[in-house]
Amino acid sequence: MNENGKDSRTFMEAALDEARAAAARGEVPVGAVVVVDGRIVARAGNRTITDCDPTAHAEMVALREAAKVVGNYRLLDAAVYVTIEPCAMCAGAMIQARVSHLVYGADDLKGGAARSCFSILDHPQLNHRVEVTPGVLAEEAAALLRDFFAARR
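Residues numbered from 1 in each chain as written. Predicted model: local features only at pLDDT ≥ 70, side-chain atom pairs only at ≥ 80, totals over all residues. Heavy atoms only, no water.

> Mind showing me how you'd approach the packing of helix α2 (residues 58–70) against helix α3 (residues 88–97) here?
How two helices pack is summed up by the angle between their axes together with the distance between the axes. At their nearest, the axes of α2 and α3 sit 9 Å apart, and the two run at 20° to each other. Viewed along their axes, α2 and α3 adopt a mutual orientation that is roughly parallel. As for the relative orientation of α2 and α3, their crossing is left-handed in sense. For the pair formed by α2 and α3, the contact residues are Glu59, Met60 and Leu63 on the first element and Met89, Cys90, Ala93 and Met94 on the second. Taken together, the residues that form the contact of α2 with α3 break down as six nonpolar, no polar and one charged. (Axes fitted to C-alpha atoms, helices over the stretch in contact; angles between N-to-C directions. Helix = DSSP H or I, 4+ residues; strand = E, 2+ residues; numbered from the N terminus. Parallel < 35°, antiparallel > 145°, perpendicular 65-115°, else oblique. Left-handed = near helix turned anticlockwise from the far one by under 90°. Contact = heavy atoms within 4.5 Å. Nonpolar A, V, L, I, M, F, W, Y, C, P; charged D, E, K, R; others polar.)

Next comes the structure, spelled out in structure tokens:
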């Protein structure tokens, strides 16, 4: 990742593209990409409705794909870019995968597990910590969610 944040914005744009595609399928617009050595190895949008699977959050789908591409369930040098702060399930999966860095867009005040509701990724009793960078393209990510739910009401 460059210090100037250019890569973070580029990768978050890719995650936003995945969120838009999820919305087009009728899914909650959340997108994620997994980056290893400066390249995207996996990308996904929410698929819970499409797959009839409560665990098919964008992060989970992208982590599963990344592990297959890398050939290891440990993603030691991976960064995950996701449009909204991960839930407890997704944060737990990042710890299990040994993801090194999480970059996310909008905070999730009702269920975020990086800092808003819980601080799972840096909990002192866990054997792995994930570096967290919040707020990258946060307004764009929040707007996708707002617009999606406003259209449903």
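> What is the right way to look at the sheet that holds strand β3 (residues 78–84) in this model?
Hydrogen bonds between backbone groups are what pair the strands of a sheet, and the pairing can be parallel or antiparallel. Pairing is mixed across the open sheet formed by five strands, whose spatial order is β2-β1-β3-β4-β5. Only two strands of the sheet have a single neighbouring strand rather than two, namely β2 (39–45) and β5 (131–133). The average angle at which neighbouring strand axes cross in this sheet is 20°, direction not considered. Bridge count between strand β1 (residues 31–36) and β3: five bridges; the pairing is antiparallel. Bridge pairing links valine 35 to alanine 79 in β3. The sheet strands contacting α2 are β1, β2 and β3, and the helix crosses β2 at an angle near 145°. (Pairing = 2+ DSSP bridges.)

> Is there a simple way to explain the pairing of strand β4 (residues 101–106) in this structure?
Sheet faces and side chains relate simply in a regular strand, where the side chains alternate between the two faces. Across the six residues of β4, six count as buried, placing the element largely inside the fold. Across five bridges, β3 lies against β4 in parallel orientation. Opposite valine 82, over in β4, you have tyrosine 104 as the bridge partner. In this view, the connection linking β3 to its parallel neighbour β4 by way of α3 has right-handed handedness. With three bridges joining them, β4 and β5 adopt parallel strand pairing. When the bridges of β5 are listed, leucine 102 appears paired with valine 132. (Buried < 20%, exposed > 50% of the residue type's maximum accessible area, 1.4 Å probe, protein only. Right-handed = clockwise from strand over helix to strand, strands pointing away.)

> How should unusual backbone geometry be read in this particular structure?
Excluding glycine, residues mostly carry a negative phi; peptide bonds, for their part, are mostly trans. One non-glycine residue with positive phi stands out, namely cysteine 52, at about 50°. Inspection of the secondary structure puts cysteine 52 in the loop between β2 and α2. On the accessibility criterion, cysteine 52 (71% relative accessible area) is exposed. Positioned with a positive phi, arginine 98 is a non-glycine residue whose angle comes to about 65°. Position of arginine 98 among the secondary structure elements: in the loop between α3 and β4. Exposure remark for arginine 98: the relative accessible area of 16% places this residue in the buried category.

> Sorry, what's going on with the pairing of β1 here?
Counted residue by residue, β1 has six buried out of six residues, so it is predominantly covered. Residues Gly31, Val33 and Val35 point to one face of β1 and Ala32, Val34 and Val36 to the other, with burial holding for every one of them. Bridging between β1 and β2 involves six bridges; their strand directions are antiparallel. Paired with valine 33 across the two strands is arginine 43, which belongs to β2. Here β1 hands over to β2 after two residues, with aspartate 37 in that stretch at a positive phi of 55°.

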